[in-house]
Amino acid sequence: MRTRFLIPLLLLLVAFALSGSNCLLDEKVLEIVYFHKTCVDFEENEDSEVFTTPAIVDYAEDLDDILDDNAISKSDINCAHVVSASYMVTDFSHTHDWDISGTITVRRVDTAGAAVTLVTYTSQSVLGALNNSIPAVLDPAGVELINQALEDYIADTADPVLEFSVENGDVNPDPSAQDMLVFDWTGCVGIHLVAGISLEVPDPF
């Protein structure tokens with residue numbers, strides 16, 4: 001009997017707090033975690049097992065888009081950090097498969113920094129990754145570099161520009177001018193962006 005009475009009473013108190021001109025409001029700061037992927041496309045057309053394929057990303061512009069899409073400002077961000085990486089083959093039409101091994105590196109273009117390893121792939125079937133997102137093990141050096149870029153962006157001390165580069169070292173079977181290794185793939189880095197949002201909520205007590 002008390003339970004049936006308590007719920008309408010609470011609803012009445014909340015309604016009164018919302019409708020009254022002198023209602024009591026309590027300011028709460030909520031942390032909201034946004035997940036975002038930055039993806040880079042690579043086109044391979046190789047006649048050797050050793051090749052390098054770079055791609056540059058305006059990371060500051062990409063982060064600006066996250067803020068715009070979610071109607072938040074840079075000052076709302078408490079922190080941001082890398083949480084995942086993956087790759088996927090998007091186009092492949094050979095009559096036979098290939099196994100590839102190598103690394104994807106990352107470097108800061110805006111600070112003229114050195115390249116460090118972000119992920120390593122070993123004996124990866126190209127056909128096996130076709131339209132199949134493959135989780136990648138992150139290398140601490142690459143994570144640290146991107147996390148620092150995120151910190152610099154949040155602190156408004158830099159507009160990071162990143163260069164991701166495929167550094168392939170082995171292909172089985174070996175490609176040649178007569179049997180070229182041709183495929184397109186994309187690599188993605190996922191981040192968590194934590195923002196603090198202030199809200200005024202009714203405080204009936």
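Check the entry above for the structure.
Residues numbered from 1 in each chain as written. Predicted model: local features only at pLDDT ≥ 70, side-chain atom pairs only at ≥ 80, totals over all residues. Heavy atoms only, no water.

## Some remarks on empty space enclosed by the protein
Logical step 1: Within this structure, the stated rule accounts for one cavity of 30 Å³ or more.
Logical step 2: The space that makes up the largest cavity amounts to roughly 90 Å³.
Logical step 3: Every residue lining the largest cavity is counted, 13 residues in all, and those nearest its centre are Ile104, Leu118, Gly187, Cys188 and Val189.
Logical step 4: Taken together, the elements giving at least two residues each to the lining of the largest cavity come down to strand S1 (25–46), strand S3 (77–91), strand S5 (116–125) and strand S8 (181–202).
Logical step 5: Classifying every residue of the lining of the largest cavity gives eleven nonpolar, two polar and no charged. (1 Å grid on protein atoms, 1.4 Å probe; cavity = no way out; pocket = protein on both sides within 12 Å on 5 of 7 lines; lining within 4 Å. Points joined across faces, edges and corners; volume = space filled by probe spheres on them. Helix = DSSP H or I, 4+ residues; strand = E, 2+ residues; numbered from the N terminus. Nonpolar A, V, L, I, M, F, W, Y, C, P; charged D, E, K, R; others polar.)

## A few points about unusual backbone geometry
Logical step 1: The linkage connecting Asn172 with the following residue, Pro173, adopts the cis geometry, with an omega of 0°.
Logical step 2: Phi at Ala71 is positive, roughly 55°, even though this residue is not glycine.
Logical step 3: Position of Ala71 among the secondary structure elements: in the loop between helix H2 (59–69) and S3.
Logical step 4: Note on Ala71: relative accessible area 71%, which makes it exposed.
Logical step 5: Although it is not a glycine, Asn131 sits at a positive phi angle of roughly 55°.
Logical step 6: Structurally, the position occupied by Asn131 is in the loop between S5 and strand S6 (134–135). (Buried < 20%, exposed > 50% of the residue type's maximum accessible area, 1.4 Å probe, protein only.)

## Points about the sheet that holds strand S2 (residues 51–57)
Logical step 1: Pairing is antiparallel across the open sheet formed by four strands, whose spatial order is S2-S7-S4-S5. Bordering the open sheet on either side are S2 and S5, each of which pairs with just one other strand. If you compare each strand with its neighbour and ignore which way they point, the axes differ by 20° on average.
Logical step 2: Sheet topology places strand S4 (residues 99–108) next to strand S7 (residues 162–172); ten bridges connect them, and they run antiparallel. What sits directly across from Thr105, in S7, is Ser165. (Pairing = 2+ DSSP bridges. Axes fitted to C-alpha atoms, helices over the stretch in contact; angles between N-to-C directions.)

## Quick word on a negative patch on the surface
Logical step 1: Among the surface-exposed residues, Asp58, Glu61, Asp64, Asp65, Asp68, Asp69 and Asp159 lie close enough to one another that they form a single negatively charged patch.
Logical step 2: Among the secondary structure elements, Asp65 is positioned in helix H2. (Patch = residues over 30% accessible without salt bridge, like charges linked within 9 Å, V, L, I, M, F, W, Y side chains within 5 Å. Areas by Shrake-Rupley, 256 points an atom, 1.4 Å probe, with all protein chains shown as cover. Salt bridge = Lys/Arg side-chain N within 4 Å of Asp/Glu carboxyl O. Lys, Arg positive; Asp, Glu negative; His and termini not counted. Charge placed at Lys NZ, Arg CZ, Asp CG, Glu CD.)

## Overview of the packing of aromatic side chains
Logical step 1: All told, the structure shown has five aromatic pairs when counted by the stated rule.
Logical step 2: Pairing Phe42 with Trp185 gives two aromatic rings, centres 6.2 Å apart and planes at 55°, and the pair type is tilted. Highlighted residues: Phe42 in strand S1 and Trp185 in strand S8, separated in sequence by 143 residues. Assigned by exposure class, Phe42 and Trp185 land together as buried.
Logical step 3: Clustering of aromatic rings is evident, with ring pairs tying together Phe42, Tyr87, Tyr121, Phe183 and Trp185.
Logical step 4: Lying over the aromatic face of Tyr153, Lys74 brings its terminal NZ or CZ to 4.1 Å of the ring centre. (Phe/Tyr/Trp six-rings, centres within 6.5 Å; stacked < 30°, edge-to-face > 60°. Lys NZ or Arg CZ within 6 Å of the ring centre and 35° of its normal.)

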